[in-house]
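Read off the chains here:
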Amino acid sequence: MNQVNIALIGTGRIGRLHARNLAYRVPGARLLAIVDVLPDAAQACASETQVGEVCSDYRAVLERRDVDAVAICASTNMHARIVQDAAAAGKHIFCEKPLDLDLGRIDAMLAAVHRAGVKLQVGFNRRFDVHFRRVRDIVASGEIGVPHVVRICSRDPAPPPLAYIKVSGGLFLDQTIHDFDMARFVIGREVRELYAAGEVLVDPAIGEAGDVDTAVVTLRYDGGAIGCIDNSRKAVYGYDQRLEVFGSRGVASAANPRPDTAEWSTADAVHSSMLGFFFIERYTDSYIAEMRAFVECIQQDKPPEVGGADGRAAVVLGYAAKKSLAENRPVRLEEVATPKE
Ligand SMILES: NC(=O)c1ccc[n+]([C@@H]2O[C@H](COP(=O)([O-])OP(=O)(O)OC[C@H]3O[C@@H](n4cnc5c(N)ncnc54)[C@H](O)[C@@H]3O)[C@@H](O)[C@H]2O)c1
């Protein structure tokens, strides 16, 4: 298959970004239709991407024979239904993270995808970030020896609106989920146990909504390595995203890339540019790379680089972290879910 015809479903923050990438920056992709339950949002996105077909019911695009694949960027609570309908219609699927907040529904989604024999790629874009991918490649090459310690720092510049927090599944399933995926990806090992400490230090309203805004999660991997993820909903100096793997023969790390390399000094201090504002600025290239990989896996009929099992595994880690926080004790993953291949 040369050209891959794609319909995009959901034109919010991330959907608009993916639509622009699919329209202009992904060779072999043709953005054929835009869907959103909000007609104005769909139309605005279609105008921006010069797409002629707009509709408000995603089932209409699933009926079209000329649609090969869908990019699901609708709200999380819609993912399960759209994935199952898209699979039944024989469409390849890109689905934003998290697949769903409920493991039972995730298993139903994965079963539908398996039955239909279509491809499912999950939106863990950080795997396609050149800096983090280089660290992963260095670790995989054996250059730093056996991994002993993984450190992931992931802090947002500001909390999302409270209304979003209430339906997000909480810090671990909304924010840390990317870090859980990175923790597995960067050393290619599974986590067997974790301990999560969490506090409300940024905004009491987040605590009243039943969530935490600051957390540290300690991970124990199969094979003996230890990991540490630290999260905050508010870093006053900007979006802070760093990664380090310490091994028996060295260390590999990725610092925050700066928007520019200018540095200037005055009598009191040395200055440099602030970090990019948030995920759209920091991960621009990774969003393009993940869509290129999605289109390539369809064209070349190969498995997606980040599939349904990866989407499920990150949610299992989120479940374990929630349980650990609630019960203030280390939790083994088999306490919250049975492993899947
Ligand atoms: N990978 C990332 O970095 C990243 C970043 C942000 C969001 N996300 C994920 O992407 C998804 C969307 O997040 P967002 O921030 O863009 O949300 P958003 O609320 O800005 O946008 C969601 C859009 O989906 C539309 N929608 C809802 N139900 C629909 C349906 N049945 N059919 C068609 N459209 C429908 C809404 O009208 C809205 O326009 C979430 O699952 C979120 O977790 C991922």
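The structure presented is a predicted model; accordingly, all values stated were derived computationally and were not measured.

A. Up close: the overall build of the protein chain. Within the protein chain, the regular secondary structure consists of 13 helices and 15 strands. Its C-alpha atoms give the protein chain a radius of gyration of 20 Å, within 12% of the compact-globule value 20 Å for 341 residues. Based on the C-alpha atoms only, the size of the protein chain along its principal axes is roughly 55 × 55 × 45 Å. The proportion of buried residues among the 341 residues of the protein chain is 50%. In the protein chain, 71% of the contacts between residues at least 6 apart in sequence involve partners at least 24 apart.

B. Main features of the domain arrangement of the protein chain. Each assigned domain of the protein chain is listed here: domain 1 (4-118) and domain 2 (127-282 + 314-335). For domain 1 and domain 2, the distance between their C-alpha centroids amounts to 28 Å. Approximately 930 Å² of surface area, both sides summed, lies buried where domain 1 meets domain 2, with 70% of it carried by carbon and sulfur atoms. Three residues, Arg13, Lys97 and Leu101, lead the burial of domain 1 against domain 2; their summed loss comes to 55% of the area buried on that side. Where domain 1 meets domain 2, there are 1 salt bridge. Lys97 serves as the salt-bridge partner of Asp174, at 4.0 Å between the closest nitrogen and oxygen. The tally of links from domain 1 across to domain 2 stands at 3 residue pairs in polar contact (both at pLDDT 80 or more). Within the side of domain 1 that touches domain 2, the residues separate by chemical class into 6 nonpolar, no polar and 4 charged.

C. A look at a nonpolar patch on the surface. A cluster of nonpolar residues, Val149, Phe246 and Val251, forms a patch on the protein surface that exposes about 240 Å² of accessible area. With respect to the secondary-structure elements, Phe246 resides in strand β11 (residues 240-247). On the basis of relative accessible area, Phe246 is assigned to the partly exposed category, the value being 41%.

D. Fine view of the sheet that holds strand β2 (residues 29-35). Here 6 strands make up an open sheet; going across it, the order is β3-β2-β1-β4-β5-β6 and the pairing parallel. In the strand order of this sheet, the two ends are held by β3 (53-55) and β6 (120-122), each with one partner. Put simply, the sheet's adjacent strands are angled 25° from each other on average, direction ignored. Pairing analysis gives 6 bridges linking strand β1 (residues 4-9) to β2, with the strands arranged parallel. Within the sheet, the bridge partner assigned to Ile6 lies in β2 and is Leu31.

E. Representation of helix α13 (residues 308-327). Here α13 spans 29 Å end to end across 20 residues, near enough to the 28 Å set by a 1.5 Å rise per residue. Asn328 occupies a position one or two residues after α13 and carries a positive phi of about 50°.

F. Broad picture of the site of the ligand. Taken together, 23 residues sit near the ligand, with Arg13, Asp36, Thr76, Lys97 and Tyr287 positioned nearest. The contact in question runs from a nitrogen atom of the ligand to an N or O atom on the side chain of Glu96, over 3.0 Å. Between the ligand and Lys97 there is a distance of 2.9 Å, counted from an oxygen atom to a backbone nitrogen or oxygen. For the ligand, whose unbound accessible area comes to 840 Å², protein coverage reaches 84%. Elements with a contribution of two residues or more to the shell around the ligand: α1 (13-24) and α4 (76-88). Broken down by element, the residue count for the shell around the ligand peaks at 3 residues, all from α4. Among the residues forming the shell around the ligand, the class breakdown is 10 nonpolar, 9 polar and 4 charged.

What counts, and where the lines are drawn
Residues numbered from 1 in each chain as written. Predicted model: local features only at pLDDT ≥ 70, side-chain atom pairs only at ≥ 80, totals over all residues. Heavy atoms only, no water. Helix = DSSP H or I, 4+ residues; strand = E, 2+ residues; numbered from the N terminus. Rg over C-alpha atoms; globule rule 2.2 N^0.38 Å. Buried < 20%, exposed > 50% of the residue type's maximum accessible area, 1.4 Å probe, protein only. Contact = heavy atoms within 4.5 Å. Domains from an automatic or database assignment. Buried area = accessible area lost by both parts, 1.4 Å probe. Salt bridge = Lys/Arg side-chain N within 4 Å of Asp/Glu carboxyl O. Polar contact = N/O pair within 3.5 Å; in protein donor to acceptor, adjacent residues only side chain to side chain. Nonpolar A, V, L, I, M, F, W, Y, C, P; charged D, E, K, R; others polar. Patch = residues over 30% accessible without salt bridge, like charges linked within 9 Å, V, L, I, M, F, W, Y side chains within 5 Å. Areas by Shrake-Rupley, 256 points an atom, 1.4 Å probe, with all protein chains shown as cover. Pairing = 2+ DSSP bridges. Axes fitted to C-alpha atoms, helices over the stretch in contact; angles between N-to-C directions. Expected span 1.5 Å × (residues − 1). Near = heavy atom within 4 Å.

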